[in-house]
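Listed below are the residues making up each chain.
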Amino acid sequence: MSLTDHRDQQIIELIPRLRRYARALTRNSDQADDLVQDCLERAWGRLHLWRRGSNMRAWLFTIMHNLHVNARRRQANRPDRAEMPEWEIGGGVQPIQEQLAEFRSTVAALHRLPEDQRVVLLLVGLEGLTYRETAQVLDLPIGTVMSRLARGRERLRRMTEKGGDMAAKISS
């Protein structure tokens, strides 16, 4: 297998992880698919910039993170419409299953975290990146990653404790 084929195969194998992270970032499956497509397009277009022997996953997540941040900046400068997160569509019916209610509460609390804490939590907790890989993706010192992760975990824990959800909404 040639080097190019090997790199292409690495990228293809990482698509499910990219999709999962994009979905968590955008909270919208259509936007997530667009973000993954943009990420893959950028990666393949700039594959010559990837350093052989470096971490392909971290490189792709860095591209995706930067694309997402740039899109958020553009959107903030010209808000054209308000989008409702998919989990809230049809949300008038309370879930019957207790676990589903807890899951939704946790997801909602996760999305109320400051973005810098949420992104670190998603990369470490959901995607399983190491602190070093997360620091590389976000272009931050490893200590900052560790600090944001600790603050994010603590804040998420407080928001999801019994009765803590309302207090977290008030304090936010």
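Preceding this paragraph is the structure being described.
Residues numbered from 1 in each chain as written. Predicted model: local features only at pLDDT ≥ 70, side-chain atom pairs only at ≥ 80, totals over all residues. Heavy atoms only, no water.

Colleague: Even after reading the chapter, I still don't get the nonpolar core, so can you show me in this structure?
Modeller: The biggest cluster of nonpolar side chains holds 40 residues, and the ones touching the most others in it are L18, Y21, M56, W59, L60, M64 and L123. With residues near it in sequence (within four places) discarded, M64 still touches L18, Y21, A22, L25, L35, V36 and C39. (Core = buried A, V, L, I, M, F, W, Y, C linked by side-chain atoms within 4.5 Å. Buried < 20%, exposed > 50% of the residue type's maximum accessible area, 1.4 Å probe, protein only. Contact = heavy atoms within 4.5 Å.)

Colleague: What should I look at first to understand a negative patch on the surface in this one?
Modeller: Residues D30, D34, D38 and E41 make up a contiguous surface patch of negative charge. Along the polypeptide, D34 turns up in helix α2 (residues 29–45). What makes D34 partly exposed here is its relative accessible area of 46%. (Patch = residues over 30% accessible without salt bridge, like charges linked within 9 Å, V, L, I, M, F, W, Y side chains within 5 Å. Areas by Shrake-Rupley, 256 points an atom, 1.4 Å probe, with all protein chains shown as cover. Salt bridge = Lys/Arg side-chain N within 4 Å of Asp/Glu carboxyl O. Lys, Arg positive; Asp, Glu negative; His and termini not counted. Charge placed at Lys NZ, Arg CZ, Asp CG, Glu CD. Helix = DSSP H or I, 4+ residues; strand = E, 2+ residues; numbered from the N terminus.)

Colleague: Just checking my understanding: could you explain a nonpolar patch on the surface for this structure?
Modeller: A surface patch of nonpolar side chains, about 250 Å² in accessible area, is lined by Y131, I142 and M146. Following the sequence through the fold, Y131 ends up in helix α6 (residues 131–138). The class for Y131 is partly exposed, based on a relative accessible area of 32%.

Colleague: How do you make sense of helix α7 (residues 142–160) when you look at a structure like this?
Modeller: With 19 residues, α7 ought to run about 27 Å at 1.5 Å a step, and its terminal C-alpha atoms sit 27 Å apart, in line with that. When α7 is considered as a whole, its buried residues turn out to be V145, R148, L149, G152, L156 and M159. One side of α7 holds all its buried residues, which, seen down the axis, span an arc of 105°. (Expected span 1.5 Å × (residues − 1). Arc of directions from axis to C-beta.)

Colleague: Can you help me understand the pattern of salt bridges in this one?
Modeller: If charged atoms from side chains of opposite charge come close, those side chains can pair. Under the criterion given, the structure shown has eight salt bridges. Between E127 and R20 there is a salt bridge, with its nearest N and O atoms 3.0 Å apart. Placement of the pair is E127 in the loop between α5 (115–126) and α6 and R20 in helix α1 (residues 3–26), with a sequence separation of 107 residues. The class of R20 is partly exposed, set by a relative accessible area of 37%. Note that E133 and R57 form a salt bridge whose closest N and O atoms lie 2.8 Å from each other. With E133 in helix α6 and R57 in helix α3 (residues 56–77), this pair connects stretches of sequence that are 76 residues apart. Here the residues in one salt-bridge network are E154, R157, R158 and E161, joined through shared partners.

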